[in-house]
Structure formats: structure tokens, C-alpha cells
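# Architecture at a glance
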Amino acid sequence: MNTGTKGAISRYLCRLPSLSVAVVLLLAGCGGGTNSGGDTSNHTGNGGAGAVTTSGRLLLLDPTRNNASTAISGLQYSDNGSVSGADGSFSVASGNSLLLYLGNNTPLSVPAKASVTQQDIAATTCSSNADPTACAYTLSKNLERFLLSMDSDRNASNGIQLSPNANNLNMAWTVSTDQFEAVLAQQLAAYGQTPAALFKPSLGINSEAPQAEQNSISSPIPFADIFRVARPLREYSCQDTAYDAYGWATTPPSSTCLVRTFLLDSATQGQVPNGRYSVLYEGTGKIDYSGYAKIVSSTAGHDEIDINLPAKLDSVATNNRIGLRITSGTVKNIRIIMPGGICEGKPSTRVDSAANCPAGQYRSFEDTLRADRNAIVFNPDYLRFLKDFRVVRMMNLMEASPSYLTCAQTEVGKPNSFIRDANNNLIFDQTCMTQEFLWDQRSKMSDAVWGASGNIARLERYGRGVPIEVQVELANQLNAHPWFNIPHNASETYIREFARYVEAHLNIGLKAHVEYSNEAWNGIFWAYHYMLKKGETLGDPTDPWRGANFYAKQASKVFQIWEDEFGGTQRLIRLLGTYQNDANRTERMLAYSDTRQYVDAIATGGYFYACWQNDDAKLPACNDGNKIPKPLVNATSVDDIFDAIDNPNDPFGMEGLKNQFIKQVAVAQKYGKALYAYEGGQHLTIGGEIATDRKQNMLDLLQAANRDPRMGEHYQRLLETWKAAGGQTFMLFSVPHTFSQYGSFGIKESLNQPRNSAPKYDGAMKFQEGQGQCWWSGC
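Residues numbered from 1 in each chain as written. Predicted model: local features only at pLDDT ≥ 70, side-chain atom pairs only at ≥ 80, totals over all residues. Heavy atoms only, no water.

## Digging into the pairing of strand E16 (residues 331–337)
Summarising burial for E16: six of the seven residues are buried, a large majority. Summarising the sheet, strand E11 (residues 275–283) and E16 pair through five bridges and their orientation is antiparallel. When the sheet's bridge partners are listed, Gly 283 is paired in E16 with Val 331. (Buried < 20%, exposed > 50% of the residue type's maximum accessible area, 1.4 Å probe, protein only. Helix = DSSP H or I, 4+ residues; strand = E, 2+ residues; numbered from the N terminus. Pairing = 2+ DSSP bridges.)

Given below as C-alpha cells:
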């Protein structure tokens, strides 16, 4: 134990009364280690010379290391200036309470005894809270983070000795842990510090598209230049408008021909900061704003606008977004830049100005993006959310999994009006179906925007995600392993150039996770139909396994190209995708040709839900009314939904998913492969026909189940079940975004929704906090 003072502290820390309560709770309540034990000898203390004293120690427990204790020194615990010793020791007059002084706050009275634990304190402090268990958990985690962050040498192994910088921090200690961390990060930024982590991430997360195709869905904004997620101008402008190769309008507007776009559809508070935004652009034109944005001032090439997102959407209003319209001339290189910036080396913490950083370390968003529109500057809140995950799957950010409707023939000028044959079957364009996706078709840094919408044909939306440069830089800034999905019809040049770029630019120490396509077994995606068609070339064109066989063969080819470009497999994880409820498919692919030689891990799904109805010819396991007494379609309450999920006879519920994991692990282990989950979580969606007048009620029930605290408990059970089965990396689906008729897949509903109101996120974080780090070797 280091016995140095590391900056002895007197009356300091937070000026808020809540801080005095909370810090005492953890400092006095994190005991349970070595005791000084009820010392009744005479000491000088609060009781005066010769008073009988009670002694104890102030300790922080580390729940990730079997509650190993760490001494806390430098904390004032009496009104005469006494501070805890290097071993966390204190002494008070017997019969008196332990008074802990924090800043100028009223001291908190804690029963003095040899061993004061955080459980003792939590029982006192949170006893009157509506949810005392959740209160105690939140309180202890916030204080744990604070104490670790304020340790003067950030090395808890030699004891926690509080830094004098803690004098200047003002914290609200009972707020949600993610809110607490955000405020702590902003205050520590001035000292060139960041909050301490409470665990090493073991989970992964799926990304979402830079701009949701549906206007009703609000996705997280990844960039400080929010114009990057605007709809392409041509999707909302006059059809006669001409554009350059990057998507900028080259035709001036007229009274009858609008040039416009929209962004932040259906966004509410927390997606991006409210405040003053700078709009920079080139050209002779002028821009008008509507919706959430109001013009403040305008000069040549530079507008100032105020953006204020609502607390909730106005269901009647039609302007729940930002409208941007070019009113004259032409403009290009538009940037809409959020206020503030970052401190050098602290990209996940947004600060208001240079006053919030050490001297010379402020990096203004506006200055950076004025100098270079293509500088990759992420929204700090986006990074702050993602930093707690070990792997980020780029599939949706790449827009790499197009719908099966992409190559369906449509009526001229009507991209969503599909042509059908006499039997009502869709007619597919076979030339479209088997075309290659070329390297030159990828998104580029020079593109005007990186998004799309439902206003244009699906084929034109394909691949309109963020460029490879952004994906790799995101992984590098997060120090997280990237998971790339190679498009099902990617040309060999595309595959090779993609691998070559990643090898050259991904930080050493990070591994590229590579998966060929996405859910090639799923008929709702183009990839499924592509595999079936290509599989006809392998032999029997009627072979029901031709699609799986072609997938295995092409995946092997993709993996060999990556291995060639990387000069080996040391920095690669090669993932073969499969269907979670079909271990037979997994084995067939591994056994096909030499596939097993090029695969490191199987990537299965990890979704739980329940039978939708009792009369589904394709799902006989759901049709036994004795075993499935109340399928989801008959649910009338949230209780009914959880009863269905927890029904041990339901093949898709929690027990059914456990059995799926066990079967997939058995196949993976047979072939010496790891098992990963490429996506997982709840999958409560409307699974079949339902009366129109009941549809909204059912959607409301499914969304209410996602907001119910029990859903967080189910996420913890899911992850514990996965771990117990032998699974390794589990990729949750997905980053925060709003619930909709298409499902409630966002792990939170908005980027800055507090953790304590987002049960799925809370459950996942509790699992990671309990693990402390990965549970498998070689992580």
C-alpha cells in the first residue's frame, strides 16, 4: 500500500447537498475489506482527550473483483479537520455517529462501526426512494466512477488518494449513471482528464443508417456536421434540377422549381444539442430554413441558426424536422455545425469553448470543418454512447443489406409500385438481381450527404451509407473492433480494395471482423434471392441447399482475399453467418467444400420473442393450444407478453432461445469454431395479419413491454444464458433510435435518453458491470 498523501484533502468536493449524501454513502458504505475493528482504546478525537473511540476504515469495493476493497484516504470526517488515513482509517468518539464533511455541505451522519459497507449506507439513504434497489445501485456506480476518476494517480491498486481537483467539481449524484458520467466528463475536461471506466467492454452493438429511410424514425446523428445526414437534394427538389457528380444542385431554383432538402426527421431533445449552429457554404446562393431551425444572421457563405428540438413530437405538425431550401443561385459544400468543440484527445466530450479545456487544447468544430469539410468529426455524444462496446457492427451504417424488393420491377416513375404476374407474384429483373456492386459505387467522402429516403428506388439507395474512411476512423477513435459486412454482390475488386484500405488504416491492436453479406437465409433481403440464383451454378438448380452452399463458397472466397491483403489472419475474425433456429444449416455450410478452413467463428442471431398465433402452418410448434395457450396476437396486457416470452414451451421465448444457443455451440465446437451473435435482443413485432382496429393497440403493447423494467431483467438473463452456453461476442441490436411500426429495436429511444428510463440498455450495462471484462480466453 502506498502510504503517501497524494494530495491530502480538507473540506472539498461538491457544493451540492446531494453530493454530501452520496459520497458518504459510498465512502463509508464501500467497506467490507480489512477491518480496524471496534477499537475501544483512548484516543483524542471528537469526544475530547482520553475519549473512548470507535475506529473503522473507509473503503471502495470493486464488484468486478469479488468485492476487493480499496482504501480511501484524504476524506475529512470530523469538524476538527481529521481526514481518513492512508489505509482509509477513521476514529470517532464511541456512541457518536461518523460525520463525513464534503465541501461546505452539512456533514452526513453515518453509524460508526468497525466495518461500514455500501449496503448499510444504501439501506439508509435509499429507504424512502420509490425503488430503493435501483437507487442504491445508481448511487454506488456514480460514486465508484467519481472516486476512481479523482484518484490522484488513477491507480486504485495502491489506494485511492483524492486529487485536489475534486474541490472544483459540482455533481448531482442521484442522476442516471450515463448522465452523471457526461457531466463529470465535461468538468474533468478542463483538467485534461476523462472519467474512469467501470469495466472493460465485453459486448458489441449494431449501428444504424446515417439517416433512417422512414421519416417517422429518428436515428442517432454521428457527425458534428449534421448536414451529412440530410436527404439528398434531388429527392425533394424539382425534377428538372441538374446536379454535379457529388449531388450538389447546379441549377438555380425558380418560382416553380424548388431546390430543397430535409434532415433530423422526427428528432427530439437529446439527439443533438440545442443551440446556435453555424452554416457554412460556398456559392452565390441563399438558404432559407424551416421547422426546428430559425435564422439568426446571414452573411456571404455563413449563416447562424438556432436549432431547438422539442421534448416530444407534435403529432399534428408537419414540420417535425429541419427544412433547408435554396432560394437563389447555387450553393455547395454546405455544413451545419453543432456548437462548441472538443479538447485535444477527448473526442467523446463536447465542450462549449476554450475555457473548458487546458490551454491550447480546444478544437472548435467550426474552425475544423471550415478548413476541411471532409474532416471526420464525430458527434461526441455518439462516441460517448459507443465507447462502452467492444465491437461495432457497421452493416446498417454501410447500408449493406438491401431489401428483396430492390430488383422487383416497378411501374415507370413509381419506385414503390411493383408489377406482379397473374398469380400475384412479384416479377424480378434478373439482370438487376445478379449485377455486381462495384468499388466506384461506394459512398465517398466527397458526396454531398450520406443518406437516402424512401423517395427514390431501392437500387439507388443501396450502399448509400458512410464511406469506408468514416467506418475505420470510428473504430480507431473508439478503440473498438470494427465488424464489416461485405455486400452480397461485391465485385472482387471491391472486396480487395476494401480489405486493403482497412489493413492500411485500422489501428494496430484492433481486429477486423469480416462477415459476408447479412442474413443470406432471410427472404426479406436481396441477398437471399441472389444466393439462390447464384447457387444454380453449383450443380442441381433445384437443390434446396444451393443458396447456403453458394453463401459458404463465396464467404470462403471473401475470407481468402482478406487473408491475402492482411498477410495472414492475426488481425482478422472471419465470420460465417447463420440462422439462429437452424443449427443444421450451420453444419451443412461448415461441411461444404473447404469452408471450415477459412472460418474463425459462426455468427448466429440471438433474438427472443414468442409465437404470434396458433394457426401458422409453417410453425407447427406454435399450434398446440395446450402448450401455447396465449400467443402474442391474443395479448391484451404487458403481463401477457412477458408470460408468452417466459413460457418454457414457446420455441422462440427465453427457454427456446437457450436451446438454440446450445445447438449452435455444439456445431461450432465440433468444427473448432467460436460462436458469436451478430444481432440479438428482443424481437417483438407484429408477426402476421391483425385487424386494423387492433394494430395500434398491439403496437402500443409491444412498445410498452420494451419500456417495462422487466425487459431489462430479460436482457440480463439473455446475456447470462449466452455466456453459460459458451457464446463469445454478443452484438446487441441496435444503437438508440425511436420505436416505430417496424419494431422497437433501439436499445434506447434516443441517444441521450437516461439509462434509468431505458431498461434494455440498463440491463446490458449491468451485465457488463458485473462481468468487468470478457469471459472467454483470447478476448
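## Describing the side chain of Thr 261
Its place among the elements puts Thr 261 in strand E10 (residues 259–263). With relative accessibility at 0%, the residue Thr 261 sits in the buried group. Side-chain polar atoms of Thr 261 contact the backbone oxygen of Arg 231, separated by 2.3 Å. (Polar contact = N/O pair within 3.5 Å; in protein donor to acceptor, adjacent residues only side chain to side chain.)

## Observations regarding the confidence of the model for the protein chain
Scored by pLDDT, the protein chain comes out at a mean of 89, with 90% of its residues at no less than 70. Overall, residues 1–48 carries pLDDT values under 50, and its contacts beyond four positions in sequence, including any with other chains, amount to 175 contacts. (pLDDT = per-residue confidence, 0-100. Contact = heavy atoms within 4.5 Å.)

## Observations regarding the environment of Arg 393
Among the secondary structure elements, Arg 393 is positioned in strand E20 (residues 391–393). For Arg 393, a relative accessible area of 0% gives the class buried. With residues up to four places along the chain from it excluded, the contact list for Arg 393 reads Ile 205, Asn 206, Ser 207, Trp 483, Asn 485, Glu 515, Asn 518, Tyr 678, Glu 679 and Met 731. There is a polar contact of 2.9 Å between the side chain of Arg 393 and the side chain of Asn 206. Polar contacts involving the side chain of Arg 393 include one to the side chain of Asn 518, which spans 2.8 Å.

## Some remarks on the nonpolar core
Residues Phe 146, Ile 226, Ile 334, Ile 336, Phe 498, Val 502 and Trp 562 are the most contacted members of the largest nonpolar core, which totals 166 residues. Apart from the residues within four sequence positions on either side, Ile 226 is in contact with Ile 221, Leu 263, Leu 264, Val 272, Tyr 277, Ile 307, Ile 322, Ile 336 and Met 338. Val 391, Trp 483, Ala 603 and Ala 674 belong to the second largest nonpolar core, which has ten residues in total. (Core = buried A, V, L, I, M, F, W, Y, C linked by side-chain atoms within 4.5 Å.)

## Looking at the state of the cysteines
Inspection of every chain in the model, using the stated rule, returns five disulfides. Each sulfur of the disulfide joining Cys 343 and Cys 357 lies 2.0 Å from the other. Taking the torsion about the sulfur-sulfur bond, which here is approximately -90 degrees, the covalent link between Cys 343 and Cys 357 counts as left-handed. One end of the pair, Cys 343, is in strand E17 (residues 341–343); the other, Cys 357, is in the loop between strand E18 (346–351) and strand E19 (362–364), with 14 residues separating them in the sequence. Overall, Cys 343 belongs to the buried group, its relative accessible area being 1%. Given a relative accessible area of 8%, Cys 357 falls into the buried group. (Disulfide = S-S within 2.5 Å.)

## Brief notes about the packing of aromatic side chains
Counted under the stated rule, the structure contains 28 aromatic pairs. With centroids separated by 4.9 Å and ring planes inclined at 80 degrees, the aromatic side chains of Phe 661 and Trp 722 adopt a geometry described as edge-to-face. Here the residue Phe 661 occupies a position in helix H16 (residues 654–670), and Trp 722 occupies one in helix H18 (residues 709–725), the gap between them amounting to 61 residues. Each member of the pair Phe 661 and Trp 722 is classed as buried. Grouping aromatic residues by their ring pairs yields a cluster made of Phe 437, Trp 439, Tyr 462, Phe 484, Tyr 494, Phe 498, Trp 526, Trp 562 and Phe 566. (Phe/Tyr/Trp six-rings, centres within 6.5 Å; stacked < 30°, edge-to-face > 60°.)

## Considerations on the sheet that holds strand E15 (residues 322–328)
Across the sheet, three strands lie side by side as E10-E15-E12; this open sheet has antiparallel pairing. Pairing within the sheet leaves two strands with one partner each, and these edge strands are E10 and strand E12 (286–291). Strand after strand, the sheet turns through a mean of 20 degrees between neighbouring axes, direction not considered. Sheet topology note: the E12/E15 ladder contains six bridges and is antiparallel. For Lys 286, the partnering residue across the bridge sits in E15 and is Ser 328. (Axes fitted to C-alpha atoms, helices over the stretch in contact; angles between N-to-C directions.)

## Brief notes about the pattern of salt bridges
On inspection of all chains with the given rule, the structure shows 36 salt bridges. In this structure, the salt-bridge partner of Asp 265 is Arg 321, at a minimum N-O distance of 3.6 Å. In this pair, Asp 265 sits in the loop between E10 and E11 while Arg 321 sits in the loop between strand E14 (302–307) and E15, placing the two residues 56 residues apart along the sequence. Arg 321 shares its class with Asp 265; the two are buried. Residue Glu 769 pairs with Arg 755 through a salt bridge whose shortest N-O separation is 2.8 Å. Linking Glu 769 in helix H19 (residues 759–771) with Arg 755 in the loop between strand E28 (731–732) and H19, this pair joins segments that are 14 residues apart in sequence. (Salt bridge = Lys/Arg side-chain N within 4 Å of Asp/Glu carboxyl O.)

## What about the sheet that holds E28?
Judged by pairing direction, the sheet is parallel, and its eight strands sit side by side in the order E27-E26-E25-E24-E23-E20-E9-E28 without closing on themselves. The outermost strands of the open sheet, each flanked by one partner alone, are strand E27 (674–682) and E28. Bridge analysis of strand E9 (residues 204–206) against E20 gives three bridges, and the strand direction is parallel. Within the sheet, the bridge partner assigned to Asn 206 lies in E20 and is Arg 393.

## Let's talk about helix H4 (residues 177–189)
An ideal rise of 1.5 Å per residue puts 18 Å on 13 residues; H4 measures up with 18 Å between its terminal C-alpha atoms. Along H4, the residues that are buried comprise Thr 177, Asp 178, Phe 180, Glu 181, Ala 182, Leu 184, Ala 185, Leu 188 and Ala 189. As for H4, its buried residues are in contact with helix H3 (132–150), E17, E18, helix H6 (380–386) and H19. (Expected span 1.5 Å × (residues − 1).)

## Observations regarding the packing of helix H10 (residues 468–478) against helix H11 (residues 492–505)
Viewed as axis vectors pointing N to C, H10 and H11 meet at an angle of 35 degrees, and their least axial separation amounts to 10 Å. In the crossing of H10 with H11, the sense of the turn from one axis to the other is right-handed. Together, Ile 468, Glu 469, Gln 471, Val 472 and Asn 476 of H10 and Phe 498, Tyr 501, Val 502 and His 505 of H11 make up the contact between the two elements. Here the contact of H10 with H11 is built from residues that sort into five nonpolar, three polar and one charged. (Left-handed = near helix turned anticlockwise from the far one by under 90°. Nonpolar A, V, L, I, M, F, W, Y, C, P; charged D, E, K, R; others polar.)

## Focus on the packing of helix H12 (residues 526–535) against helix H13 (residues 546–566)
The geometry of H12 relative to H13 is characterised by a closest axis approach of 7 Å and an angle of 95 degrees between their N-to-C directions. As the angle between them shows, H12 and H13 are arranged roughly perpendicular. Side by side, H12 and H13 meet where Tyr 530, Met 531, Leu 532, Lys 534 and Gly 535 of the first sit next to Arg 546, Gly 547, Phe 550 and Tyr 551 of the second. (Parallel < 35°, antiparallel > 145°, perpendicular 65-115°, else oblique.)

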